[in-house]
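What the coordinates show
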Amino acid sequence: MQNYTVRPAKSVRGEISVPGDKSISHRSIMFGSIASGVTTVTGFLRGEDALATLEAFRAMGVQIDDDGETVTIQGRGLHGLSEPTDVLDCGNSGTSMRLLTGLLAGQNFFSVLSGDKYLRARPMKRVVGPLAQMGARISGRAGGEKAPLAIQGSKLIGIEYDSPVSSAQVKSAIMLAGLYAGGETVVREPHLSRDHSERMLRAFGAHVETFPGGVKVRGGAELTGRDIVVPGDISSAAFFLVAALIVPGSDLLIRGVGVNPTRTGIIDVLKGMGGDLELTNLRDESGEPVADIRVRHSKLTAMEISGDVVPRAIDEFPAICVAASLAQGTTVVRDAAELRVKETDRISAMADNLRRAGVSIVETPDGMEITGVASLKGCAADSFGDHRIAMSMMVAGLVAQNETSVSDVECIATSFPGFVNLIEGVVQR
Ligand code: S3P
């Protein structure tokens, strides 16, 4: 297991772009594979998670070529996948496993999904339950709560489902099953989660209608292959946004970042804390809003983070915790119990690490209270095998008094290969 040692920085300056959006990369492979005709994807994220999805579709007979620039998918149509001869390995990727569970439920073959020890510990009933209501035949460990999941494809019928959680993975799994189901499938959620599936499926020609509080899908429509440009991942940009805000003298431009409003909670939160962030060159790429973001070092103040901004910033909380640790006052996070079932329990992982760095933190069942300090102590941080915890603590290390070591940093490759080189390239010491 590889450790990384971070030294304090003088400033973070320059111009960068970040790798492609993970959520959009997964969906481009999935929808392109079940569309008719060719789909091309540029800006595809070649991280372990999205590559797990790509390999799963290859294992179901889809020809997918990657020349290093463009990924080209020879779509097989809605009913053109073939039965995989082995377990489909989703690695660390919840998006692969949950969306595939929905998509595979309506096939005319048998499949098994598994993943690494972290993914096998994550809750799956949230998709298995509603899919069973549609007629899906799925079994798994702990009564279908845990992977491996075995899916015997079957005939599905549309349902109306009120999801108790605001989760794009749950919503998308049901929508994908809905493509194969008779009639209409409706999913409602408490707060709007990321809507990439809605946008992209509609662009592929699926019958998808959104309304306040939910989405409706009509089964049976053939999808048609298309060209997709994947924007930079705002969840990856988040580490650089926080780094530039907290390191004195910083001024950084991040080009081509996806700024879909269901993903920009991080911008709202950091601006709410007093962060100097400027969005310029707003444009549209493949139905997704994109912008350049300029960020300068700022004096941050604490705030309360709760309600509908939580799903809009769900993956950014580890980075937000670092910003809050250096903000004046006590930042209160509520309504974020979902953080406990991510790649690791991100509330307890960040509380543990930031305490080692000298921050006082109170954990609550659905959030935390973080009282900012003037400066962090160098410490031995633990990634807990979670890419976003590892990157957040590396950012924290830029403003610590001496060296910070972060354990087990290989996991960063799940979402952000090249992170270390990119950050070291803009840090001045
Ligand atoms: C994702 C949805 C979110 C997010 C994950 C990616 C997606 O998960 O945390 O990193 O691509 O749909 P939930 O749907 O569980 O909130």
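What you are looking at is a predicted structure, and each value in this text was computed from that prediction instead of being measured.

**Notes on the nonpolar core**
F240 and F419 are the most contacted members of the largest nonpolar core, which totals 80 residues. Per-element accounting of this core gives the leading share, eleven residues, to helix α8 (residues 234–246).

**A closer look at the packing of helix α4 (residues 125–133) against helix α6 (residues 168–180)**
The axes of two packed helices give the description: the angle between them and the distance between them. Look at α4 against α6: their axes get within 9 Å of each other, and the N-to-C directions meet at 30°. In this view, α4 runs roughly parallel relative to α6, as classed from their interaxial angle. Here the hand of the crossing between α4 and α6 comes out right-handed. Seen from α4, the contacting residues are R126, V127, P130 and L131; seen from α6, they are Q169, V170, A173, I174 and A177. Its residues placed into classes, the contact of α4 with α6 shows seven nonpolar, one polar and one charged.

**Some remarks on the pairing of strand β5 (residues 70–76)**
As judged from the seven bridges shared by strand β3 (residues 35–42) and β5, these two strands associate in the antiparallel manner. Within the sheet, the bridge partner assigned to G37 lies in β5 and is G75. Here strand β4 (residues 63–66) pairs with β5 via four bridges, running antiparallel. If you follow Q63 over to β5, its bridge partner there is Q74. Here β4 folds back onto β5, and the loop between the two strands holds three residues, one of which, G68, carries a positive phi near 95°.

**Quick word on the domain arrangement of the protein**
When the domains of the protein are assigned, the result is domain 1 (4–20 + 231–428) and domain 2 (22–229). With 32 residues of domain 1 in contact, the opposing surface of domain 2 contributes 27 residues. Applying the counting criterion to the domain 1 and domain 2 interface returns three salt bridges. E338 is the partner of R126 in a salt bridge, and the nearest nitrogen-oxygen pair spans 2.9 Å. Where domain 1 meets domain 2, there are 14 residue pairs in polar contact (both at pLDDT 80 or more). Residue assignment for the side of domain 1 that touches domain 2 shows that the elements contributing at least two residues are β18 (288–296), α10 (309–312) and α13 (387–397). Residue classes in the side of domain 1 that touches domain 2 are distributed as ten nonpolar, ten polar and twelve charged.

Rules and cut-offs
- Residues numbered from 1 in each chain as written.
- Predicted model: local features only at pLDDT ≥ 70, side-chain atom pairs only at ≥ 80, totals over all residues.
- Heavy atoms only, no water.
- Core = buried A, V, L, I, M, F, W, Y, C linked by side-chain atoms within 4.5 Å.
- Buried < 20%, exposed > 50% of the residue type's maximum accessible area, 1.4 Å probe, protein only.
- Helix = DSSP H or I, 4+ residues; strand = E, 2+ residues; numbered from the N terminus.
- Axes fitted to C-alpha atoms, helices over the stretch in contact; angles between N-to-C directions.
- Parallel < 35°, antiparallel > 145°, perpendicular 65-115°, else oblique.
- Left-handed = near helix turned anticlockwise from the far one by under 90°.
- Contact = heavy atoms within 4.5 Å.
- Nonpolar A, V, L, I, M, F, W, Y, C, P; charged D, E, K, R; others polar.
- Pairing = 2+ DSSP bridges.
- Domains from an automatic or database assignment.
- Salt bridge = Lys/Arg side-chain N within 4 Å of Asp/Glu carboxyl O.
- Polar contact = N/O pair within 3.5 Å; in protein donor to acceptor, adjacent residues only side chain to side chain.

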